[in-house]
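Each chain is listed here by its residues.
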Amino acid sequence: MYKDQTISTPGKPLGKALLYTLPMFLITFMFLTGGRPDFTDTTQTVALLTTFMGMNLLYFLMHFTGKTDRYRAVIFIIFALSLSFTLIKNMVEIRNSMSFSQADIVECKIPFCHLVIPMMIIPAAFTKSIIFPGTIIGGFADISSMVVLWLIATLVLGRGFCSWGCFYGGWDDGFSRFRKRPALRKISDSWKWMPFAVLLMVALTAALTLIPTYCDWMCPFKAVTEFEQVTNLESGVKAGVFISLFGGLVVALPVMSRKRTQCSFLCPLGAVNTVSNKVTPFTIKIDKTACNECYKCVEVCPLFALTPDDVKRGKASVFCSKCGKCVDACTKKAIHFGIKGVPAGTMKGFSRNLFLFVSFLFIAVFSSGSIMFTVRSLLNLIF
Amino acid sequence: MADSFILGLSSGTACLVTCGMIMFPYLMAGTAGTRRIAIDLSAFLLTRLLVYLMLATVAWYFGQAIFSSAIVHTYLPGILFVVFAALLIWYGIGKNRKKACPAKIVRTVDNNRLVPVFLGIVNSIGFCPALLIIITKGATEGTLVQSYLAFLAFFAGSSLWFLPLPFAGKIRKREVIGTIGIFATAIAGTIFMIKGITLIVGGIINV
Amino acid sequence: MKRIGKIAGITWAFAGLILIIILFPGLNGFSRALAKMPFMKINPNYTGGEIAFSDSLPGYKFEIRKPVFDGLWKERTHGFVQLDWRGDFPEKISDTIDFDRDGCNDFRVTIDTKTPETDIEPLHNKVGSLNVSTSTSYGWTLRVNISK
């Protein structure tokens, strides 16, 4: 269907691509080493260099080939896998199990994740406290750091957080790439409003019960991180829900539909990020003069963020996570990363370079800890 | 009580987009001022409250008679929760959901002062799956007061959505709010489905 | 107007760039500032509440916390009380507890920390069932459901 269309190569020449990579190279080196490189531990050095070089290679390839999503997905999926590996390894080493015990809850030792944020807002306003058994500051995944990270990222990237920062999104992004063509094509895009219903329900139930109900009952990623020890019927049912949702929304449906169904149909934080997409300076624009309305972008969008109407309007909807899949797919170079206020079809290169630098820097530094930990653990396992 | 309130709140949105749309044109019809709208809305909500309190009483006494047998008390509430929750989920995600509300029959009533009362009655005994769930809950409560509290919480949750009804015309994305409300209803159904399954499995384990 | 929009957009985008660059080096500082906000404390439903009474016994310390009834906007009728044994506590705990210090015993508790079997015998109708009985990094924690 698309073979007759021009396939363009929007990449940069080698020298220019290297030049664009240089600032990322220097700044990630600074952040990953903390400004004081220490190469005394061989395993740690290998882990650091592998992570650092790998990340910068991906960033270089984004500039050299002009493709975004292909290389973003690599780091995004590795981030998701490495974070789960890090969490599970920590849990198994400390507790000999992936499940946390009542003692961990009583002692408020549960690692905090950004998905709790929508549930803690109403109770924080009314009770002046946080309804999560974690640590406010210090220790692994403390509440303050996670809130700051998410807040700034969502302010700058909007729903871009879901494709450039969320350490869970890589799971269904990865599974959505298993098949070349979708086996399930007809999914009503009204389902994309479901996360708002989930948000409404979990925010209310959490406020009324003072329990983070999404984490307690619904989070599919409990299946690959940590969950409550199965000691009674209720915890058994919960484990069943986590596993079913993971199997259905993170594995089966993404494989069948090539869409990120968990992010599109369930995640309540995705709904919040959709709202913050209104604030972010970065967006996806469509140059209507160049667009031939082939709707390839609509077909490939993993988050139902583009409809034929959006294409006609010349911009992606608020559901867009700026993954770049549509940009990569557009044979006419009509769809591009843009900055709000800047007309579509202008300053394309500048907008893309700026967005890539900001978003890649975020994911590179945010993911580096868990990726290095995973590489080091794997090296220790092999040698 | 929290689950009854949530059930009311979630089903209230669906109720609003169906039954509320009958009430809305009535309220907006003619030159009804704020005072008239407030009076009609109060009559509508008060009627709903009275009907719910009556239903709470009937459900509880009925429950006392039905659930006196231990085996019935162990399994029937769980089964009813599962069945009604399945209906609620079906309503939420079903493509061919019935868009009309039984309240439309009130259009035939030719008495302006009685319309809100009739609407209140028809709306509250519409026997939607959410109401069937709350009846089951009321029937299985330990005391009559608890049954009243469950219905009151359900009433409070579902009524919240009717309060801004006079301003419904100003809401720009009414269709989107309706979609979100219907999905929320399906989630409430899922919560009660899990509750029902837990009751049944718990019954099996304890027997 | 279009020019102003364009300049505002680009300025905001550069502000975003600066925010992301300072985010990681400044994360500690930002987090500490956030942690000082009045709502940044864990809800008593999780921490177990403040210590109301503490008793030092040979080798270990026994603490009773303030009963927790915290709800969203008002206290609930049902809550729990937490008891902690810190340090080298006995293998078998058997005690009678007056958690609200009203001079009237509220419940009797027996814990075999090895098995770990826990029995609660209510001595007052405000005491309900066992909520949590678990070993912790500092000793043993018990939570008992109570009502007002």
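Along each chain, numbering runs from 1 in the same order as the chain's sequence is written. Chains carry letters from A onward and ligands carry numbers from 1 onward, assigned in written order. Local features in a predicted model are, by the rule used here, given only for residues with pLDDT of at least 70; side-chain atom pairs are given and counted only at 80 or more, and totals for whole chains, interfaces and linings are based on all residues. Neither water nor hydrogens contribute to the side-chain values; these are computed over all heavy atoms in the structure.

Helix and strand assignments follow DSSP, with helices taken as H or I runs no shorter than four residues and strands as E runs no shorter than two, numbered in order from the N terminus. Looking only at helices and strands, one finds 17 helices and four strands in chain A. All radius of gyration figures rest on C-alpha atoms, and the globule criterion is 2.2 Å times the number of residues raised to 0.38. Taking 2.2 N^0.38 as the reference for a compact globule, 383 residues should give roughly 21 Å; the C-alpha atoms of chain A span a radius of gyration of 21 Å, in line with that estimate. Evaluated residue by residue, chain A yields a buried proportion of 59% over its 383 residues. Pairs at least 24 apart in sequence give 78% of the contacts found in chain A among residues at least 6 apart. Working note: accessible area of chain A is about 15100 Å², and carbon and sulfur atoms make up 67% of it. For every residue, the accessible area obtained with a 1.4 Å probe (protein chains only) is divided by the maximum for its type, and the residue is called buried under 20%, exposed over 50%, and partly exposed between those limits. Any two residues whose heavy atoms approach within 4.5 Å at even a single point are treated as in contact. Each accessible area is a Shrake-Rupley estimate made with a 1.4 Å probe; only the visible protein chains count as cover when residues are assessed.

The next subject is the side chain of B:Glu141. Along the polypeptide, B:Glu141 turns up in the loop between α5 (129–140) and α6 (144–159). Between N or O atoms, a polar contact is any pair within 3.5 Å; within protein, one atom must be a potential hydrogen donor and the other a potential acceptor, and residues adjacent in sequence are included only when both atoms are from side chains. At 2.9 Å, the side chain of B:Glu141 and the side chain of B:Lys137 are in polar contact.

A few words now on the interface of chain A and chain B. Contacts between the two partners involve 17 residues from chain A, matched on the other side by 20 residues from chain B. The quantity reported as buried area is the accessible area (1.4 Å probe) lost by two parts once they are put together, taken as the sum for both. Summed over both sides, the interface of chain A with chain B buries roughly 1600 Å², with 95% coming from carbon and sulfur. It is A:Trp193, A:Met201 and A:Leu233 in chain A that bury the most area against chain B; as a group they hold 35% of the surface buried on that side. Every case where a carboxyl oxygen of Asp or Glu lies within 4 Å of a side-chain nitrogen of Lys or Arg is listed as a salt bridge. Here chain A and chain B share zero salt bridges between them. The interface formed by chain A and chain B holds zero residue pairs in polar contact (both at pLDDT 80 or more) in total. Elements with a contribution of two residues or more to the side of chain A that touches chain B: α9 (194–209) and α11 (233–257) of chain A. For the side of chain A that touches chain B, the element with the highest residue contribution is α9(A), accounting for ten residues. Looking at the side of chain A that touches chain B, its residues break down into 14 nonpolar, three polar and no charged. Residues are grouped as follows: Ala, Val, Leu, Ile, Met, Phe, Trp, Tyr, Cys and Pro are nonpolar; Asp, Glu, Lys and Arg are charged; every other residue, Gly included, is polar.

A word on unusual backbone geometry. Cis geometry is found at the peptide bond from C:Thr115 to C:Pro116, where omega equals -15°. Among the secondary structure elements, C:Pro116 is positioned in the loop between β5 (107–112) and β6 (117–122). Despite not being glycine, A:Arg258 shows a phi value in the positive range, around 60°. Positionally, A:Arg258 belongs in the loop between α11 and α12 (261–265). By relative accessible area, which is 22% here, A:Arg258 ends up partly exposed. For A:Phe304, which is not glycine, the phi torsion reads 55° and is therefore positive. Secondary-structure assignment places A:Phe304 in the loop between α14 (296–300) and α15 (308–313). A residue is classified by how much of its surface remains accessible, and A:Phe304, at 8% relative accessible area, is buried.

Right, let's talk about the packing of aromatic side chains for a bit. Any two of the Phe, Tyr and Trp rings considered here, Trp counted by its six-membered ring, make a pair once their centres fall within 6.5 Å; the pair's planes then place it as stacked at under 30 degrees, edge-to-face at over 60, or tilted in between. Under the counting rule described, the total for this entry stands at 35 aromatic pairs over all chains. When the centroid spacing of 6.3 Å and the interplanar angle of 85° are considered together, the rings of A:Phe196 and A:Phe319 count as edge-to-face. One end of the pair, A:Phe196, is in helix α9; the other, A:Phe319, is in the loop between α15 and α16 (325–329), with 123 residues separating them in the sequence. Judged on exposure class, the residue A:Phe196 and its partner A:Phe319 are both buried. Ring centres of C:Phe89 and C:Trp140 lie 6.4 Å apart, and the angle between their planes is 65°; on these two criteria the pair is classed as edge-to-face. Pair noted here: C:Phe89 is in the loop between β3 (78–87) and β4 (92–97) and C:Trp140 is in strand β8 (residues 139–147), with a separation of 51 residues, a long-range link. You'll find C:Phe89 and C:Trp140 in the same group, each marked buried. Whether a charge lies above a ring is judged from NZ of Lys or CZ of Arg, which has to be within 6 Å of the ring centre and within 35 degrees of the ring normal. The aromatic ring of A:Trp217 is capped on one face by A:Lys238, whose charged end is 5.2 Å from the ring centroid.

Residue and element names in this part refer to chain A. As for its placement among the helices and strands, Ala-80 is situated in helix α3 (residues 69–95). Separated by 59 residues in sequence, Ala-80 and Gly-139 have C-alpha atoms that sit 21 Å apart. When neighbours within four sequence positions are excluded, Ala-80 is seen to be in contact with Phe-167, Gly-170 and Trp-171.

Let's shift gears to the sheet that holds β3(C). Residue and element names in this part refer to chain C. The pairing criterion is simple: DSSP has to find at least two bridges between the two strands. Taken in spatial order, the five strands line up as β1-β2-β3-β8-β7 in an open sheet, and their pairing is antiparallel. In the strand order of this sheet, the two ends are held by β1 (51–57) and β7 (127–135), each with one partner. Adjacent strand axes in the sheet meet at a mean angle of 15° when their direction is disregarded. As judged from the six bridges shared by β1 and strand β2 (residues 60–65), these two strands associate in the antiparallel manner. Note that in β2 the partner of Ile-51 across the bridge is Arg-65. Only the stretch in contact is used when a helix axis is fitted, and all axes are lines through C-alpha atoms; the angle between N-to-C directions ranges over 0 to 180 degrees.

Each partner contributes to the interface: chain C provides 47 residues, whereas chain A provides 56 residues. With both chains or domains summed, chain C and chain A bury close to 4100 Å², and 77% of this area falls on carbon and sulfur atoms. Along the contact surface separating chain C from chain A lie zero salt bridges. For the side of chain C that touches chain A, the secondary-structure elements that each account for two or more residues are α1 (2–23), α2 (27–35), α3 (44–47), β7 and β8 of chain C. Sort the elements by how many residues they give to the side of chain C that touches chain A and α1(C) lands first, with 14 residues. Split into classes, the residues belonging to the side of chain C that touches chain A amount to 24 nonpolar, 16 polar and seven charged.

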